[in-house]
Amino acid sequence: EVQLVESGGGLVQPGGSLRLSCAASGFTFGSYDMSWVRQAPGKGPEWVSGIERSSGSTYYADSVKGRFTISRDNAKNTLYLQVNSLKPEDTALYYCATGLGGYVYWGQGTQVTVSS
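Residues numbered from 1 in each chain as written. Predicted model: local features only at pLDDT ≥ 70, side-chain atom pairs only at ≥ 80, totals over all residues. Heavy atoms only, no water.

### Considerations on the sheet that holds strand E7 (residues 68-73)
Part 1: Taken together, the 4 strands give an open sheet; going across it, the order is E1-E3-E8-E7, and neighbouring strands pair in antiparallel fashion. Where the open sheet ends on each side, the last strands, each with one partner, are strand E1 (3-7) and E7. Each neighbouring strand pair of the sheet contributes to a mean axis angle of 15°, computed without reference to strand direction.
Part 2: Inspection of the sheet shows E7 paired to strand E8 (residues 78-83) by 6 bridges, in the antiparallel sense. Residue pairing for E8: Asp-73 is matched across the bridge by Thr-78. (Pairing = 2+ DSSP bridges. Helix = DSSP H or I, 4+ residues; strand = E, 2+ residues; numbered from the N terminus. Axes fitted to C-alpha atoms, helices over the stretch in contact; angles between N-to-C directions.)

### So, the nonpolar core
Part 1: If you look at the biggest cluster of nonpolar residues, it comprises 29 residues, and the most contacted ones within it are Phe-27, Trp-36, Phe-68, Leu-79, Leu-81 and Tyr-94.
Part 2: Sorting the residues of this core by element identifies strand E3 (18-25), strand E4 (34-39), strand E5 (45-51), E7, E8, strand E9 (92-100) and strand E11 (110-114) as the ones contributing at least two each. (Core = buried A, V, L, I, M, F, W, Y, C linked by side-chain atoms within 4.5 Å. Buried < 20%, exposed > 50% of the residue type's maximum accessible area, 1.4 Å probe, protein only.)

### Some details on the pairing of E3
Part 1: Strand direction decides the pairing type here: E1 and E3, joined by 5 bridges, are antiparallel. Bridge pairing links Gln-3 to Ser-25 in E3.
Part 2: Bridging between E3 and E8 involves 6 bridges; their strand directions are antiparallel. Looking at E8, one finds that Arg-19 is bridged to Gln-82.

### Description of the pattern of salt bridges
Part 1: For the structure on display, the rule yields 5 salt bridges.
Part 2: In this structure, the salt-bridge partner of Asp-33 is Arg-53, at a minimum N-O distance of 3.4 Å. Within this pair, whereas Asp-33 is found in the loop between E3 and E4, its partner Arg-53 is found in the loop between E5 and strand E6 (58-60), the two being separated by 20 residues in sequence.
Part 3: Assessed through its relative accessible area of 36%, Asp-33 is described here as partly exposed.
Part 4: Judged by relative accessible area, Arg-53 falls into the partly exposed class, the value being 41%.
Part 5: Here Glu-46 and Arg-38 are joined by a salt bridge, their closest N and O atoms 2.7 Å apart.
Part 6: For Arg-38, a relative accessible area of 6% corresponds to the buried category.
Part 7: What you see here is one network of salt bridges that share partners, running through Arg-38, Glu-46, Arg-67 and Asp-90. (Salt bridge = Lys/Arg side-chain N within 4 Å of Asp/Glu carboxyl O.)

Shown next as structure tokens:
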């Protein structure tokens, strides 16, 4: 059974930082591209960042480029998102996601709230 479990969210002041984690199980983590997606209240899902399975090449939405860093540890089956210089508009539920066998799998999400 594919499982993705996010953690590391919280309440942070503008300009603050967090490190989000996603623990993966039930599939060969190192063989799949991974992404972070977020959903703000009242809005649709927004792709944030992706990382390739083999090359480790990384990709970012313009809205987070230069502030967020995606990484992965294939030995620990874990995906990370370092989020720095947070802004109130970064407030959202953050999910890790991957596609396997024609399906997209998501975790339950971790809430990031940026407020003073």
